[in-house]
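The chain contents come next:
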Amino acid sequence: MQFSMIDWPPYVLTAIHMLAAAGFDCWAVGGCVRDLALGKVPHDWDLTTDALPDQTAKVFSAFRQVHAGIRHGTVGVLIDGKMLEITTYRIDGDYRDVRHPESVAFTRSLSEDLARRDFTVNAIALHPETELFDPFHGMDDLQKGILRAVGEPEKRMKEDALRILRGLRFLARFGFSPDPDTDKAMRECKEELRNISAERIFTELDGMLVGKEVREVLEKYPDILSVVIPEIAPCVGFLQHTPYHIYDVWGHIAASVEAIAPEPVLRWTMLLHDIGKPERFRLDEKGVGHFKGHALTSADKAETILTRLRCPGAMKKKIVALIRWHDTTIPPEKPVIRRWLSELGIDTMRCLIQVRQADNLAKNRALSARRLEQAEQLSVLIEEVVSENPCLSLGQLAVKGSELGLPPGPEIGNILRSLLDEVIDGTLPNEKETLIAEAERLHKKITNPYEFDRKTDV
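Here is what the cut-offs are and how they apply
Residues numbered from 1 in each chain as written. Predicted model: local features only at pLDDT ≥ 70, side-chain atom pairs only at ≥ 80, totals over all residues. Heavy atoms only, no water. Helix = DSSP H or I, 4+ residues; strand = E, 2+ residues; numbered from the N terminus. Rg over C-alpha atoms; globule rule 2.2 N^0.38 Å. Contact = heavy atoms within 4.5 Å. Areas by Shrake-Rupley, 256 points an atom, 1.4 Å probe, with all protein chains shown as cover. Lys, Arg positive; Asp, Glu negative; His and termini not counted. Charge placed at Lys NZ, Arg CZ, Asp CG, Glu CD. Salt bridge = Lys/Arg side-chain N within 4 Å of Asp/Glu carboxyl O. Buried < 20%, exposed > 50% of the residue type's maximum accessible area, 1.4 Å probe, protein only. Axes fitted to C-alpha atoms, helices over the stretch in contact; angles between N-to-C directions. Parallel < 35°, antiparallel > 145°, perpendicular 65-115°, else oblique. Left-handed = near helix turned anticlockwise from the far one by under 90°. Nonpolar A, V, L, I, M, F, W, Y, C, P; charged D, E, K, R; others polar. Phe/Tyr/Trp six-rings, centres within 6.5 Å; stacked < 30°, edge-to-face > 60°. Pairing = 2+ DSSP bridges.

1. A short note on the overall build of the protein
Now for step 1: A tally of helices and strands in the protein yields 22 helices and 13 strands.
Now for step 2: Relative to its length of 458 residues, the protein is extended, with a C-alpha radius of gyration of 29 Å against a globular reference of 23 Å.
Now for step 3: Across the protein, every contact between residues at least 6 apart in sequence was considered, and the portion connecting residues at least 24 apart equals 64%.
Now for step 4: Accessible surface, the protein as shown: approximately 22,100 Å² in total, 51% of it carbon and sulfur.
Now for step 5: Averaging the positions of the 59 positive and the 70 negative side-chain charges in the protein gives two centres separated by 3 Å.

2. Quick word on the pattern of salt bridges
Two side chains of opposite charge can pair, provided their charged atoms sit close to one another.
Now for step 1: Under the definition given, this model contains 32 salt bridges.
Now for step 2: Residue Glu159 is joined to Arg163 by a salt bridge in which the shortest nitrogen-to-oxygen separation is 2.8 Å. The two residues Glu159 and Arg163 agree in class, both being buried.
Now for step 3: Taken together, the salt bridges that share partners define one network made up of Arg34, Asp35 and Arg173.

3. Details of the packing of helix α16 (residues 313–325) against helix α18 (residues 346–361)
Now for step 1: Put simply, α16 and α18 touch, their axes get as near as 10 Å, and they point 50° apart. Relative to α18, the element α16 lies oblique. The crossing of α16 and α18 is right-handed. Of the residues in α18, those in contact with Lys318, Leu322 and Trp325 of α16 are Asp347, Thr348, Cys351, Leu352, Val355 and Arg356.
Now for step 2: Along the lines of polarity and charge, the residues of the contact of α16 with α18 split into five nonpolar, one polar and three charged.

4. Some points on the packing of aromatic side chains
Now for step 1: The final tally for this structure, using the stated rule, is ten aromatic pairs.
Now for step 2: Relative to Phe133, the ring of Trp27 lies with its centre 6.1 Å away and its plane at 50°, an arrangement referred to as tilted. Of this pair, Trp27 sits in strand β1 (residues 26–29) while Phe133 sits in strand β9 (residues 131–133), and the two are 106 residues apart along the sequence.
Now for step 3: With a centroid separation of 5.3 Å and 90° between ring planes, the pair formed by Trp325 and Trp340 is classed as edge-to-face.

5. Points about the side chain of Thr48
Now for step 1: By secondary structure assignment, the location of Thr48 is in strand β2 (residues 46–49).
Now for step 2: Discounting residues that sit within four places of it in the chain, Thr48 has contacts with Asp25, Cys26, Trp27, Val29, Thr87, Thr88, Tyr89, Leu110, Asp113 and Arg117.

6. Points about the sheet that holds β1
Now for step 1: Taken together, the seven strands give an open sheet; going across it, the order is β3-β4-β5-β2-β1-β8-β9, and neighbouring strands pair in mixed fashion. Looking at strand neighbours, the two that pair on one side only are β3 (65–66) and β9, the edges of this open sheet.
Now for step 2: Helix α1 (residues 10–21) contacts β1, β2, β4 (74–79), β5 (82–88) and β8 (125–127) of the sheet and is inclined by roughly 35° relative to β5.

As structure tokens, this is what we get:
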């Protein structure tokens, strides 16, 4: 790549030039340089400098600053509305908690700073005038598609075990291949991941799952992934003994993750949708495997896993719902579709169709064609129902509780829910007068059931 052709963001150039005017070196470093070399637009820019933190703060005294990371050399500077992290060249001390260095020492050497980084593709520095500084040949590895640890791989992984999952994320995202020593170190140090916080693990897995080469990573590294999600281990090599499946449980899961759109909720759903299968396996007298109840078991396990990994609540709820219902038969009838839309919501229903399609694409396609066709028919019917703007919630009813003319109390809520059920089923139009009349009838039935039944019999 011709780095001279880069359109540097003005706020980044401002920071570099201000530090240069004060007599300091400053380079773009890490992920932003890697992304540029791969022809991608960086989302964030990180700068490194030989200025000490207090010197950096002084240079940018006229700007708003954040000093939360100043002990480790990082000063956040707000320039043109963009927060830019500027970190002093440093050497890390010992990593006794397998995550953070016990101490850092500042240095005037950019080479020493780059030497502490995880992978060679992240140890490249770039300057708008002097161009590239690449002492560990990260550009060569980028061009060859190789993921290589900086220095001694085992030492890098033991310093910070999260680098193991970062490595998997890079493999999935960029389609890199690990060099043999790095691959070996990632596997041999995998148990150190037990010392990493759940939040950090979730973030790396979240990024890995949306990678274009995620299937290859899932198939190649279940031993590492099973350390952070032990429920994976029973799925690996578990034969399904059914003509509908051409892979073992883990192979099917990996294929289904690849088959769905690279959106976190969908990818997590496919990763966990059959996680309960080994527990539900039964072999019939003909030697055919069955997994009755596996969707519910998988949903329960998924909730446990996602809770353990500190997955955001709303995201977890949606994933668990998709897993719970992914294998349920849904008749292609409008009243049924309206009921499902009311229960799950439009977006979740659309996601459920994608989950069903991905699930079947990861099976024996010769025997799954009919199920794929049914999923497509359901998708068309869902969109048809949605286009009719149906009433699916209490808030969409043409009447409010205060308009029913009934005494206050829980009875109003019960009647409104009954009205909604009838509207969804199509037995009652969503019209104010009709709803009020039906509410009065239901009220009489509740308050005087004997009289109601007697008049009805007559």
